[in-house]
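One letter stands for each residue in the lines below.
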Amino acid sequence: MYAFTYHRPKSVADAVTLLGQFEDPKLLGGGQTLLPTLKQRLARPSDLIDLGQIPELQGIREEAGGLTVGAFTRHAQVAHSDVVQRVIPALASLTEGIGDRQVRNMGTLGGSICNADPSADYPAAVVALKATVRTDRREIAGDDFFTGMFETALEPGEIVTAVHFQKPDKAAYAKFRNPASRYAIVGVFVAVFGSEVRVAVTGAGPSVFRADDMEAALAQDFRADALNGASVSADGLNADIHASADYRAHLVRVMARRAVEACG
C-alpha cells in the first residue's frame, strides 16, 4: 500500500523547506512518470510534494528576445499559446506532438526535463534553442543540463523554476515516433541563429546530443542535400525492440533533412 504524506506548498521557498525536512521526499509535477512508478511500487517516497499550487512556477512570457516558460506549465499550454506560436513556432509544434491529449494536458516542462528520459522531446528544444534552465539557486546552460540517461546537473533538493528559450531566426523539429507511446525513437531539432546552426538529437542516444558534422555542413550550405555527406555513428546509440543502433543512426539523418526542409 502507499505510505507517504502529501504536501501542497504555496511557494518555491516552502517547497525547498519541505525537501530538506524529510527522509525521502519526491516532487510531483504532472505525474506522468512518478505516478506510474508509484503504481508499480518502484518508488516509495516518505513524502510527496505537489508543485501544482505555486504561481511562480507557471506561465509563459516573452522576455529578453525569447520565451520564458514556467516549470509547471503544461505541454498543451505551450502548444496552444499565441505567444509561443508567434515567437518560436517550432516549440509549439514540438509540444503538440508530445504523447497524447491526456499527457499533454497533465505533463509539465519541468517534469519532462528533470526526468531526462532519453526519448523525451523537450531536451532537444532545450539544447537547440540555447536555453537557460533556471532553478531556485542558479542558472544552468541547456548544453550543460543533461548529463546522461535520466541524469541532469541538478543538485539534491534543487528545483527548476523556469526555462528561457532564445528566439532563433528559423527552426523546426522532426521526429520518428513510437506509434504507441509517441516517444521519439529519434527526434531532431534544427535551429539557426545568424551563422550558427544547432542540431540537437533526442531518442537516439542515452541523452540528447548535438550532431557536430551536420551543424558544420548546414552552416556552410543550409539545404537538406548538404546533409548527404554527414552522418552520425551508431556507436553508443540506443538499441532495443523498437530500433537498432544502426537504424537510429540512419533516422537521425532522415529526421534532420525533414527538419531543415520544414525550416523553409
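Here is what the cut-offs are and how they apply
- Residues numbered from 1 in each chain as written.
- Predicted model: local features only at pLDDT ≥ 70, side-chain atom pairs only at ≥ 80, totals over all residues.
- Heavy atoms only, no water.
- Helix = DSSP H or I, 4+ residues; strand = E, 2+ residues; numbered from the N terminus.
- Rg over C-alpha atoms; globule rule 2.2 N^0.38 Å.
- Contact = heavy atoms within 4.5 Å.
- Areas by Shrake-Rupley, 256 points an atom, 1.4 Å probe, with all protein chains shown as cover.
- Patch = residues over 30% accessible without salt bridge, like charges linked within 9 Å, V, L, I, M, F, W, Y side chains within 5 Å.
- Salt bridge = Lys/Arg side-chain N within 4 Å of Asp/Glu carboxyl O.
- Buried < 20%, exposed > 50% of the residue type's maximum accessible area, 1.4 Å probe, protein only.
- Phe/Tyr/Trp six-rings, centres within 6.5 Å; stacked < 30°, edge-to-face > 60°.
- Domains from an automatic or database assignment.
- Arc of directions from axis to C-beta.

Quick word on the overall build of the protein
Helix and strand content of the protein: 11 helices and 14 strands. For a compact globule of 264 residues, the expected C-alpha radius of gyration is about 18 Å, and the protein comes in at 18 Å, within 12% of that figure. Dimensions of the protein, computed from C-alpha atoms along their principal axes, come out at roughly 55 × 40 × 30 Å. In the protein, the proportion of contacts linking residues at least 24 apart, taken out of those at least 6 apart, comes to 58%. Element-wise, carbon and sulfur atoms account for 48% of the exposed surface of the protein, whose accessible area totals about 12100 Å².

A few points about a nonpolar patch on the surface
Residues Y2, F4 and Y6 make up a contiguous nonpolar surface patch of about 290 Å² in total accessible area. For Y6, a relative accessible area of 39% puts it in the partly exposed group.

Considering the packing of aromatic side chains
One pass over the full model with this rule turns up three aromatic pairs. Centroid distance F145 to F146: 5.0 Å. Interplanar angle 90 degrees. Geometry classified as edge-to-face. Side by side, F145 and F146 carry an identical accessibility label, which is buried. Look at Y173 and F189: their rings are 5.9 Å apart centre to centre, the planes differ by 35 degrees, and that puts the pair in the tilted class. With Y173 in strand 11 (residues 170–177) and F189 in strand 12 (residues 184–193), this residue pair connects regions lying 16 residues apart in the sequence. We classify Y173 as buried; its relative accessible area is 14%.

Some points on the domain arrangement of the protein
Its domain assignment divides the protein into domain 1 (5–50), domain 2 (55–166) and domain 3 (170–262). Computed over C-alpha atoms, the centres of domain 1 and domain 3 are 35 Å apart.

Section: helix 1 (residues 12–19)
For helix 1, the set of buried residues is V12, A15, L18 and L19. The buried side chains of helix 1 occupy one side of the element, clustering within an arc of 120 degrees when seen end-on. Elements in contact with the buried residues of helix 1: strand 1 (5–7), strand 2 (25–28), strand 3 (47–50) and strand 10 (160–166).

Regarding the pattern of salt bridges
Within the structure shown, the criterion is met by 19 salt bridges. The shortest N-O distance in the salt bridge between D121 and K175 comes to 3.1 Å. Of the two residues, D121 sits in the loop between helix 7 (109–115) and helix 8 (122–128) while K175 sits in strand 11, which places them 54 residues apart along the sequence. The residues D121 and K175 share a single accessibility class, namely buried.

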